[in-house]
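# A closer look at the structure
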Amino acid sequence: MLQLERIKEGNKDILRLIGEVDASNSVLLDQSMQEILQQGATFLLIDGNQLGYISSAGLGVFMSYLDDFSEQGIRFAIFGLNDQVTEVFKILGLDRLIQIVPDKSTAITLGNEP
Amino acid sequence: MIKNSALPLGRISLFLAILVWLALLLVDLVRIFGMINNLDSGVSEEVTWILEILFFIFIYLVYRRIFWKNKQSDFLTLIWRGVSTGLFAASAGLLTEVIYLALGESKIGTDPFLRNVFYHINFALTSAFLIFTTLLWKHLILYQKNKQVVNQWQVFELSMLGALFFVFFNHNNLDYSFLFGLTILLVISILLAVNLKWIPYLNFKEKWKTLLFLFLIMGCAGVLFYRVLDSGNEGNLQINLTDNLFLMALFGFVFVYGLFSFLVTLFNLPTSSVFEQKLTEAINFQKLSQSIQPEESEEQVLDILLDSCISASFSDSAWIELNPKESFQVKNPLRFLDESTKTEIRSLLPQETQSWVPASMAEAPQAQAIRIAHANYKSALVVHLLVNKSILARIVLIKEVKEGFNKEMIGIIGTFARQACISVENHRLLNQAIENERYQEELKIAQRVQKALLPLKLDHPASFDICAYSNTADEVGGDYYDTYQVDETHFVLIMGDVSGKGTSAAFHMAQMKGVFQSLIQLGIHPAEFMNKANAALSKCLERNHFITASIFEIDTVNNSFCHARAGHIPTLWYKADKKGADFISIEGLGLGIVRNPSYKNHVQEETFEYRSGDILVLLTDGILEGRKETGEQFGYDRIKKIVEEHHQKSPIQLQQEIIDSLHQFVGGDGMIDDDYSLMVVKFK
């Protein structure tokens, strides 16, 4: 089960993931990301406080946007992941490419840096 | 010569009947001779009666046999036989009359013996006709049997049997007892005569024929009856065979039932078209439900439906329109009208009947009768066919009269349409099932092919033991392991995991095998292998797919292995000297994530020395992420503990231990929703 909530805070788009991302629903995550980018987002945050599990297919979705983010100068960060999910990002090595931070405020300060 | 079982009963009966008749003739002639000459012939009248009764019985047996043989014949054929018997008997009677008229008062004309011979011939033919017709009526009465009718008939038969022997009691007099018996038998005949259920099954033409035949039968019966009465009144005839209750009752029965049948058939004539129509509808309905055969097409079902609707509603013209989304065509969608008239009428129909979107998902819209203002056509009926929540087609029936579609027609057409929809739906479901079966077969082939991609035999020297296991969540999966012997002392092991699962993962897994088997031949070391593999896979992986891998190059001379990890689950290393296991921590990014030369900055290799008794356990995340119902994952620590506990066991035993623990952990209600694989290496 995966629920997606989109919140707009000033120049920031926050996508909140509630539940689990697996092979069957990673398409939904991909659609949401695409919509947000098409609407010209410049600062995208993923709220993972309520994310219980992410499979490799879910990681693949984030991965596939990394080039777009760097090409279009979009700032991107994930915050609030639990230890288990953080470990999944780390093992794959994605923590070197995506800013993974403990909480929202850290994410915002990071994002405000040039 | 003749076997008992094959006795020609009919012929024997006929033979006996003729024999009895001859005996009867002889006896009567002797009696007449005696009477004329006032001599006692020594033959009492009882002999005549017995022979007469025997004659009736044999004739009955002959005809019963004939009916039994022809029980499949239709009504008209049987009735015609009755008519022909009757005509024969009546013409024989009339011929006798004519002959006697011609003979006049000549000697031969008044000869009592000759007169008696003719009388006996006429008696025989009349009896034959009456018995045959009675059996015919029986066949018709019992056409739709129920217990009551059968009982009635049995009562009638028993009464007739009684009448047969009545002559012994009454001595051939027309007294009150005779009249009483006759009245009772006539009443029973009238009661039986209401069983006329065979008539509605005749069509219009058959009814006309039946009327004619019944008329002829009654006519013959009338002529014969008149002749019987006439000859009975002749004084010069001393022997009377025909003032017999049995024979008179047969006359009564034949005439009564014949009259009833005639009148009912006559009054049924105007409504017979309705009955025929209902019969056609039933047959059409059956046709629609039978046309589910997989080899038959939906087009045929619609064709039958269109014809059925036209005949059920007596429409003047009709057409069928298919939903433009449907892939097939109906050969002749227009019936009894041309394209231009269709377009004219189409423009007169209300908009809501033109839509291809059903108003309600669950139910087909009711057939709709519409008044139209066209020069030739005044009313229309639109029927939609709803299959699987979309409109398959619509049928428009048109008539030249106003309000030409009554409630019954609309009802029956609705039923036809629903049945056709069910047929089409069944047909589609069947095809789908066949298609699904084919896909299942294809998947099985894919499974077989993929199994062949994993090595059956793992390359290894005597200095270490190795085993591996892989299981897929679906038919095919994305886990991969392999080995390669570089030379006598160098061996490469690899374990990989493609992101996602199922068919797409399986294709990428096959690519990974190709990449491994090609690059490893170049003699490159782990980090360089990952770098080149990343470059190669970047060209062929979809943008949101990646592969993780762990690679080990074992050097059996130096007792060391060089290791690199590309985003893969860390390998567990049990160290015999420390009696403990740990996951090898080394940095490395998954393959296909960074698709440019900068990848080499994200991967590293390291060389470790191993000792005898050390164990390596390579895993995929499917094992770690095996979950209980509560959501708890199998995790790193459990594997670590198992390996530490069972380190003295052989690789294959240890592997089984891990798999068993995993299954025990997730339990019946938990799940391993991913492919999972492991490889165990134990150094000697």
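Helix and strand content of chain A: four helices and five strands. Along its sequence from the N terminus, chain A presents helices and strands in the succession β-β-α-β-α-β-α-β-α. Every one of the 114 residues in chain A was classed for burial, and the buried ones make up 37%. For chain A, contacts bridging at least 24 residues in sequence account for 70% of all contacts bridging at least 6.

A tally of helices and strands in chain B yields 17 helices and 15 strands. Across the 684 residues of chain B, 36% fall into the buried class. Contacts in chain B between residues far apart in sequence, at least 24 positions, make up 74% of those at least 6 positions apart.

For the rest of this paragraph, the subject is the sheet that holds strand β13 (residues 605-609) of chain B. Residue and element names in this part refer to chain B. Strand order in the open sheet made by the five strands is β7-β8-β9-β10-β13, with antiparallel pairing throughout. On the outer flanks of this sheet lie β7 (479-485) and β13, each paired with one strand and no other. When the angles between neighbouring strand axes are averaged without regard to direction, this sheet yields 15°. With respect to the sheet, helix α14 (residues 526-538) is in contact with β9 (547-555), β10 (560-566) and β13, its orientation differing from that of β10 by roughly 30°.

A few words now on the nonpolar core. If you look at the biggest cluster of nonpolar residues, it comprises 92 residues, and the most contacted ones within it are Met 530, Val 617, Leu 678 and Met 679 of chain B. Grouped together as the second largest cluster of nonpolar side chains are 59 residues, Trp 21, Phe 123, Leu 185 and Phe 251 of chain B included.

As a further point, take the packing of helix α1 (residues 9-36) of chain B against helix α2 (residues 45-69) of chain B. The relative placement of two packed helices is expressed as an angle between their axes plus a distance between the axes. Residues and elements named next belong to chain B. For the pair α1 and α2, interaxial distance at closest approach is 8 Å and the crossing angle is 160°. Of the possible angle classes, the one that applies to α1 and α2 is roughly antiparallel. In the crossing of α1 with α2, the sense of the turn from one axis to the other is left-handed. When its residues are assigned to classes, the contact of α1 with α2 shows 18 nonpolar, three polar and four charged.

Bringing the pairing of strand β1 (residues 317-322) of chain B into the picture now. All names here are of chain B. Among the six residues that make up β1, five are buried, leaving the element largely enclosed by the rest of the structure. As paired elements, β1 and strand β5 (residues 390-399) share six bridges and run antiparallel to each other. Bridge pairing in β5 links Ile 320 to Ile 395. Note: β1 against strand β2 (residues 334-335), two bridges, orientation antiparallel. Bridge assignment links Trp 319 to a residue of β2, and that residue is Leu 334.

Turning next to the sheet that holds strand β2 (residues 12-21) of chain A. All names here are of chain A. Spatial ordering of the open sheet is given by β1-β2-β3-β4-β5, a layout of five strands whose pairing is mixed. The open sheet is flanked by β1 (2-9) and β5 (99-101), the only strands paired with a single partner. Strand-to-strand twist of the sheet, defined as the mean angle between neighbouring strand axes without regard to direction, takes the value 20°. The pairing of strand β3 (residues 43-54) with strand β4 (residues 75-79) spans five bridges and is parallel. Following the sheet pairing, Ile 46 is matched in β4 by Ile 78. Helix-sheet contacts for helix α1 (residues 26-38) involve β1, β2 and β3, and the interaxial angle to β1 is about 15°.

Attention now goes to the environment of Ile 239 of chain B. All names here are of chain B. Structurally, the position occupied by Ile 239 is in the loop between α7 (204-233) and α8 (245-268). Each C-alpha atom of the pair Ile 239 and Ile 32 lies 7.4 Å from the other, and the pair is 207 residues apart in sequence. Those residues within four positions of Ile 239 in sequence are excluded, and the remaining contacts are Asp 28, Arg 31, Ile 32, Thr 48 and Asn 116.

The next point concerns the confidence of the model for chain B. Residues and elements named next belong to chain B. Across chain B, pLDDT averages 87, with 95% of residues at or above 70. pLDDT under 50 marks residues 1-5. Its contacts with residues more than four places away, or in other chains, come to one contact. Interface scoring of the predicted complex returns ipTM 0.91; its pTM is 0.60.

Accessible area lost during the coming together of the parts is what is often quoted as the interface size. The partner chain A presents 13 residues to the 15 residues of chain B that form the contact. Its residues placed into classes, the side of chain B that touches chain A shows four nonpolar, nine polar and two charged.

Attention now moves to the pairing of strand β11 (residues 572-575) of chain B. Residue and element names in this part refer to chain B. Pairing of β11 with strand β12 (residues 580-583) involves four bridges; the strand directions are antiparallel. Its bridge partner being in β12, Tyr 574 is matched across the sheet by Ala 581. Between β11 and β12, which follow one another and run antiparallel, lie four residues, and Lys 579 among them has a positive phi close to 55°. In this structure, β11 lies alongside strand β14 (residues 615-619), joined through three bridges in antiparallel fashion.

What follows concerns α1 of chain B. Residue and element names in this part refer to chain B. A rise of 1.5 Å per residue sets the reference length of α1, with its 28 residues, at 40 Å; its end C-alpha atoms lie 40 Å apart and thus fit the reference within 8%. Considered for burial, the residues of α1 that qualify are Ser 13, Ala 17, Val 20, Trp 21, Leu 24, Val 27, Asp 28 and Arg 31. The elements touched by buried residues of α1 are α2 and α4 (112-141).

Let us now look at unusual backbone geometry. Residue and element names in this part refer to chain B. Of note in the backbone geometry, Phe 314 takes a positive phi value of approximately 55° without being a glycine. Residue position: Phe 314 is located in the loop between α10 (298-313) and β1. Looking at Phe 314, the number of C-beta atoms within 10 Å reads 13, which means it is partly exposed. For Glu 403, which is not a glycine, the phi torsion comes out positive at approximately 45°. For Glu 403, the position within the fold is in the loop between β5 and α12 (407-453).

Parameters and conventions
- Residues numbered from 1 in each chain as written.
- Chains lettered and ligands numbered in written order.
- Predicted model: local features only at pLDDT ≥ 70, side-chain atom pairs only at ≥ 80, totals over all residues.
- Helix = DSSP H or I, 4+ residues; strand = E, 2+ residues; numbered from the N terminus.
- Buried ≥ 20, exposed ≤ 12 C-beta atoms within 10 Å, placed from the backbone.
- Contact = placed C-beta atoms within 7 Å.
- Pairing = 2+ DSSP bridges.
- Axes fitted to C-alpha atoms, helices over the stretch in contact; angles between N-to-C directions.
- Core = buried A, V, L, I, M, F, W, Y, C linked by C-beta atoms within 7 Å.
- Parallel < 35°, antiparallel > 145°, perpendicular 65-115°, else oblique.
- Left-handed = near helix turned anticlockwise from the far one by under 90°.
- Nonpolar A, V, L, I, M, F, W, Y, C, P; charged D, E, K, R; others polar.
- pLDDT = per-residue confidence, 0-100.
- Expected span 1.5 Å × (residues − 1).

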